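Summary of structural features
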Amino acid sequence: MITLYDLVFQDDRRPSPFCWRAKYALSHKGLKWVEEPMGFTEKQKIAFAGSQTVPVIKDGAKSVKDSWAIALHLDQAHPDKPLFESEAARILARFVGNWVDTAVHVAVFPLIVGDLYDRVRPVDQAYFRESRGPRLGTTDFSAFQAKAREKGLAAFQATLEPARRLLKEQLFLAGGRPGYPDYALAGAFLWARITSPVVLLETDDPVHAWRERMLDLFDGMGRRAKAA
Ligand SMILES: N[C@@H](CCC(=O)N[C@@H](CS)C(=O)NCC(=O)O)C(=O)O
């Protein structure tokens, strides 16, 4: 039995991009899991794993924290349907995850932070203000978001150019079939979809068509998640 500790917002929304990576990884491998929702101020739920962040999984007697460590653990403990079929594939997936963390997430966050704050559980809002406020230099998240959107989406869309070029040539970042690089980028889009009504992509963008494919994957797992 695998338990996934998953970040929860109001109305049982599950926006964490890193938890989405874990859900896609589990689905890719055909593994079943149960979810244990955790609000920002319920860190005691993951103390057993020595973690301050989710995802965390409990897989039998073993606990694993961090989405990348979870992916590596799953391949090691459940060798069927590997996430990484070679060392080169694993290293490239790591690179793509790092790119999403440092470029895509950083570009998305200012565009959704006001909407995101509005959907954090009321009991967790003070924590969000105190943890995110210093990073942004303000706790007026709505004004911060409005200012970021005034500049338009061009800077965000430009961060996607490496993916866009590839997706003009192939269906998925990993090739003809989806793989971990796709799951890493899809997590960023689910984070936005679940917390904000903002329209991030033009319909003629190859990334848009890819995102539709990702939403459909695994019986529409992403599409079925409660959106903003
Ligand atoms: N490197 C970690 C990052 C995980 C992470 O930052 N998770 C966020 C949710 S998206 C979290 O748990 N934040 C808790 C907090 O900010 O207190 C991973 O890949 O799992």
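Numbering of residues begins from 1 in every chain and follows the order in which that chain's sequence is written. Local features in a predicted model are, by the rule used here, given only for residues with pLDDT of at least 70; side-chain atom pairs are given and counted only at 80 or more, and totals for whole chains, interfaces and linings are based on all residues. To obtain the side-chain values, all non-hydrogen atoms of the structure were used and water was disregarded.

An unreviewed UniProt entry lists the protein under the name Glutathione S-transferase, C-terminal domain, with Enhydrobacter aerosaccus given as the organism.

Here we come to the environment of Ala93. Only DSSP runs of H or I with at least four residues qualify as helices, and only runs of E with at least two residues qualify as strands; both kinds are numbered from the N terminus onward. You can see Ala93 is positioned in helix H3 (residues 87-119). Relative accessibility thresholds used throughout: buried, under 20% of the residue-type maximum; exposed, over 50%; partly exposed, between the two (1.4 Å probe, protein chains only). Residue classification places Ala93 among the buried residues on the basis of a relative accessible area of 1%. Sequence-wise, Ala93 and Pro181 are 88 residues apart; in three dimensions their C-alpha atoms are separated by 5.0 Å. In this description, contact between two residues means that some pair of their heavy atoms is separated by no more than 4.5 Å. Contact partners of Ala93, with chain neighbours within four places excluded, come to Trp68, Phe84, Tyr180 and Pro181.

A few words on the pattern of salt bridges. One speaks of a salt bridge when a side-chain nitrogen belonging to Lys or Arg is within 4 Å of a carboxyl oxygen belonging to Asp or Glu. Enumeration over the complete set of coordinates arrives at 18 salt bridges. For Lys23, the salt bridge goes to Asp6, with nearest N and O atoms at 2.8 Å. Taken together, the residues span a long stretch of sequence, with Lys23 in helix H1 (residues 17-28) and Asp6 in strand S1 (residues 2-7) at a distance of 17 residues. In this structure, Lys23 and Asp6 share a single accessibility class: buried. The shortest N-O distance in the salt bridge between Glu161 and Arg164 comes to 2.7 Å. Of this pair, Glu161 and Arg164 are both found in helix H7 (residues 161-167), 3 residues apart, which corresponds to roughly one turn of the helix. Overall, the relative accessible area of 25% leaves Glu161 in the partly exposed class. Residue Arg164 is classed as buried on the basis of its relative accessible area of 10%. One salt-bridge network, in which partners are shared between bridges, spans Asp6, Asp12, Arg14, Lys23 and Glu35.

We call a residue near a given molecule or strand whenever any one of its heavy atoms falls within 4 Å of it. Of all residues adjacent to the ligand, which total 14 residues, the nearest are Lys43, Val54, Ser67, Tyr127 and Arg132. Tyr127 is positioned such that a nitrogen or oxygen atom in its side chain is 2.3 Å from an oxygen atom of the ligand. Here, Shrake-Rupley sampling with a 1.4 Å probe gives the accessible areas, and only protein chains in the shown set may cover a residue. Relative to its unbound accessible area of 520 Å², the ligand is 79% covered by the protein chains. Among the elements of the structure, H1 and helix H4 (122-136) are those that each provide at least two residues to the shell around the ligand. What qualifies as a polar contact is a pair of N or O atoms within 3.5 Å, subject to a donor-acceptor requirement within protein and to the restriction that residues adjacent in sequence count only when both atoms come from side chains.

Counting 71 residues, the largest nonpolar core has Phe156 and Leu185 as the members making the most contacts within it. Ranked by residues supplied to this core, first place goes to H3 with 13 residues. Residue ranges assigned to the domains are those given by an automatic or database domain assignment. Counting contributing residues per domain, this core is built from domain 1 (2-77) and domain 2 (87-224), each supplying no fewer than three. Here Phe156 is in contact with Val104, Ala107, Val108, Leu111, Phe189, Leu200 and Leu201, once residues within four sequence places are set aside. To qualify as a nonpolar core, a set must consist of buried Ala, Val, Leu, Ile, Met, Phe, Trp, Tyr and Cys residues joined through side-chain atoms within 4.5 Å.

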